[in-house]
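Notes for the structure review
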Amino acid sequence: MSPQELAEAIIPATADTRRRPPVWRFLKGHPQAAIGAAILIVFALIAILGPWIAPYGPREQVGPIFGTPSNPHPLGLDDAGIDILSLLIHGARITLIVGFTGALVAVLVGGTIGIISGYFGGRLDNLLMRVTDYFLVLPDLVLLIVVASIWGRSLRNIIIIIGLVYWTFMARLIRSQVKVVRERAYVKRAQALGASHLRIILRHVLPQVLPLILAQTVLMVALAIFLETAISFLGLGDPNAPSWGRMIENGFDRSAISYGAWWAIVPPGLAVAIVIMAFNMLGTAAEDALNPRLKVSHLLRRHFRMRPLPDKDAAR
Amino acid sequence: MSALAVEDLHVWFDLPGGRELHAVQGIDLALEPGERLGLVGESGCGKTTAILAMMGLLPPSASVAGRVLLAGGDILAGGDRTMRPHRWTDIAMVFQGAMNAFDPVRTVGDQIAEPLERAGLAAGRAARTRTAELLELVGISGERQDRYPHEFSGGMRQRAAIAMALACEPKVLLADEPTTALDVMVQAQILELLVRLTDELGLAMVLVTHDLPLVSQACTHAAVMYAGRIAETGTTRELHHAPLHPYTRMLFEATPDLRGTDAVRSIPGAPPRLDEPTVGCPFQPRCDRAFGPCATTRPPRRTTEPGHLTHCHLEGGA
């Protein structure tokens, strides 16, 4: 009898829910993740299909300045008579692209530095971590104002700035996790077998930290969108890209508030809030599912339950 | 009155999909002060779960039924609430892999003194004195209390864990494989220490282990568990020389003997699944003396001499 057959004889296959795809089980066990994912899918579709579903173009004057919300323009018009709903739809694409690529830059840079620093340790670790410390103590907002005004206002620069601000968190987090994994016996075993550093990192270390990276990436996108909105609101966004942050800045700048034109500011603000919330819901749930040790039972306030003794006859 | 009595203890664990695993299926145990009970059985038979239930340390996914009596009073009845006042002061535990149970960033003495302070038995200077006494009791110099766990050897950490369990002078000590992962010499020392402590302090001890010779050596009584139930319990001598349950006999036959001439015989097969109800005797598929009723009827509880119990259909012994 082969070990495989033996195992099958001892543990008969069970025909229950175990065969369902893991994503399905994850969403079922974490309703907030399902809600977050649903919201994000809607916004992603809007971003992808934007130019086709938007009723008007992003620069098309279709009515009076600060026209009130009414039938053909459900969210009203802005200071140039541009339809707010159309702007919102076009802005979704820019905001999401900046969010994803900004987070990607942060994760790639931070992840690489974290893995190298944690894996090799010693002097290299020290050097990289002091550089990280340097970036960590710089105030984010001041850094990005300075960089944006030196490099100029463009989407590419905003993405780079977001990467510049957030890679440090990622590097710190990954480094500490890599340090834990590096000390495990199977990494030592791989070293003893003569595996190269690259192989150990790719085969043994990376798979262990990947769940952490994934969950953090989702949370990072939310941060990136927030930062993009903040940069744009401060007037340092790309003047040619109508992101949601730019819409808020524009409304604010052209005194929408004194006109009483709340519809120029509230919709993009709400959109940012909803998307960030959705990313957070998904991210925290993913963290929960990918890193179950975060909720160790002995740290819970709940305890085991008492129940009556089973019926003697039924038990036998 | 028994120092520790367990009556009809059941433990279930929730499984995904609303199913349950009946890990401990109604066990009874009784210990007098000074008695040492060896709880043996193969991996997954419920030994550790049973003693964790006696300490009330099961996770939230567990549900428990039955009684755990300390000097006559049921401490399990109210769940964690009634368990808490007795934990560590009346019933203490040496955990599995206890040598790794210390916090690496606090001194050993600090961690031994913690239960003393929590129970309000000693604090400050008095706690230090008592910690030193406890360490001396297990054969470690009291001056070492300011050392960190990594400065101790494996055997010393195991002793320190025992000292920690004894801090509040409990009446009952539960030891979960206290000698695994230690070399044979240190194992023998730890065992000797536990025997000496139970004799001197009148402790009742439950020793969980896979190691049958260790039970014969150190325990007055033994209980053999199989698939969440007690197969047989009695004095160590009775179980060794006149086993009533074939599983007990086969376990002894599977143990190498220094002077014996018989070949070591292993027990074929594997234990049954515990997430489905068992019909008849759970050991029946592996038993070499199974007959008619074994497959259909759960074996009754039978006793030959006082304190020697078994759950088996065989009447003339195994």
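Every residue gets a number counted from 1 within its own chain, in the order that chain's sequence is written. Chains carry letters and ligands carry numbers; both start at the beginning, A for chains and 1 for ligands, and go up in the order they are written. Totals for whole chains, interfaces and linings use every residue, but because this is a predicted model, local features are given only for residues with pLDDT of at least 70 and side-chain atom pairs only at 80 or more, for both listing and counting.

**Brief notes about the overall build of chain A**
On a plain count of helices and strands, chain A comes out with 13 helices and one strand. By the criteria applied, helices consist of DSSP H or I runs no shorter than four residues and strands consist of E runs no shorter than two, each listed in order from the N terminus. The order of α-helices and β-strands along chain A, N terminus first, is α-α-α-α-α-α-α-α-α-α-α-α-β-α. Partly exposed residues are those whose C-beta has more than 12 but fewer than 20 other C-beta atoms within 10 Å; with 20 or more the residue is buried, with 12 or fewer it is exposed, and the C-beta atoms are placed from the backbone. Buried positions account for 36% of the 316 residues belonging to chain A. Restricting to contacts in chain A with at least 6 residues of sequence separation, those with at least 24 account for 70%. This entry defines residue contacts through backbone-placed C-beta atoms, with two residues in contact when those atoms are within 7 Å.

**Examining the overall build of chain B**
Helix and strand counts for chain B stand at nine helices and twelve strands. In chain B, buried positions account for 45% of the 318 residues.

**A word on the sheet that holds strand E3 (residues 36–40) of chain B**
Residue and element names in this part refer to chain B. We call two strands paired when DSSP finds no fewer than two bridges between them. The eight strands lie next to each other as E6-E7-E8-E3-E9-E10-E12-E11, forming an open sheet whose pairing is mixed. Either end of the sheet is taken by a strand with one partner, and the two such strands are strand E6 (91–94) and strand E11 (301–303). With strand direction ignored, the average angle separating the axes of adjacent strands in the sheet is 20°. Examined bridge by bridge, strand E10 (residues 229–235) and strand E12 (residues 309–311) share two bridges and lie antiparallel to one another. Within E12, the residue paired with Thr-233 across the bridge is Leu-309. Note on geometry: axes are lines fitted to C-alpha atoms, helical ones only across the stretch in contact, with angles between N-to-C directions running from 0 to 180 degrees.

**Some words on the interface of chain A and chain B**
Contacts between the two partners involve 15 residues from chain A and, on the opposite side, 15 residues from chain B. For the side of chain A that touches chain B, the residue count by class is seven nonpolar, three polar and five charged. For strand E1 (residues 305–306) of chain A and strand E4 (residues 62–70) of chain B, the ladder comprises two bridges, and the chain directions are parallel. If you follow Arg-305 of chain A over to E4 of chain B, its bridge partner there is Ser-63 of chain B. Amino acids are sorted into nonpolar (Ala, Val, Leu, Ile, Met, Phe, Trp, Tyr, Cys and Pro), charged (Asp, Glu, Lys and Arg) and polar (every other residue, Gly among them).

**Remarks on the pairing of strand E1 (residues 4–14) of chain B**
In the case of a regular strand, side chains alternate between the two sheet surfaces. Residues and elements named next belong to chain B. In the sheet, E1 pairs with E4 via eight bridges, with the strands oriented antiparallel. From the neighbouring strand, Glu-7 faces E4, where its bridge partner is Arg-67. For E1 and strand E2 (residues 20–31), the ladder comprises nine bridges, and the chain directions are antiparallel. Residue Val-6 lies in a different strand from E2, and its bridge partner there is Leu-29.

**Re unusual backbone geometry**
Residue and element names in this part refer to chain B. In this model, Ala-71 sits at a positive phi of 50°, which is unusual for a non-glycine residue. Here Ala-71 is to be found in the loop between E4 and strand E5 (73–74). Residue Ala-71 is classed as partly exposed on the basis of its 15 C-beta neighbours within 10 Å. A positive phi angle, close to 50°, is found at Ala-227, a residue other than glycine. With respect to the helices and strands, Ala-227 occurs in the loop between strand E9 (221–226) and E10. Judged by local crowding, Ala-227 falls into the buried class, with 23 C-beta atoms found within 10 Å.

**Some thoughts on the environment of Thr-209 of chain B**
Residues and elements named next belong to chain B. In this structure, Thr-209 sits in strand E8 (residues 204–209). According to the C-beta neighbour criterion, Thr-209 is buried, with 23 such atoms within 10 Å. With 170 residues separating them in the primary sequence, Thr-209 and Leu-39 have C-alpha atoms 6.3 Å apart. Ignoring anything within four residues of it in the chain, the contact list for Thr-209 reads Gly-38, Val-40, Glu-177, Leu-214 and Val-215.

**Topic: the environment of Arg-289 of chain B**
Residue and element names in this part refer to chain B. Along the chain, Arg-289 turns up in the loop between helix H9 (246–253) and E11. C-alpha separation for the pair Arg-289 and Leu-314, spaced 25 residues apart in sequence, amounts to 8.2 Å. Not counting residues up to four positions away in its chain, the partners in contact with Arg-289 are Pro-246, Leu-314 and Ala-318.

**A short note on helix H12 (residues 266–290) of chain A**
Residue and element names in this part refer to chain A. A helix's residues, less one, multiplied by 1.5 Å, set its expected span. Given a rise of 1.5 Å per residue, 25 residues ought to cover 36 Å, and the 36 Å separating the end C-alpha atoms of H12 matches this to within 8%. Turning to H12, its buried residues are Pro-267, Pro-268, Ala-271, Val-272, Val-275, Ala-278, Phe-279, Met-281, Leu-282, Gly-283, Ala-285 and Ala-286. Summarising the contacts, the buried residues of H12 are in contact with helix H3 (31–53), helix H4 (84–120), helix H9 (197–233) and helix H10 (244–253).

**With respect to helix H6 (residues 140–151) of chain A**
Here H6 of chain A is twelve residues long and its end C-alpha atoms lie 16 Å apart, about the 16 Å a rise of 1.5 Å per residue gives. Following H6 of chain A by one or two positions, Gly-152 of chain A has its phi on the positive side, about 100°.

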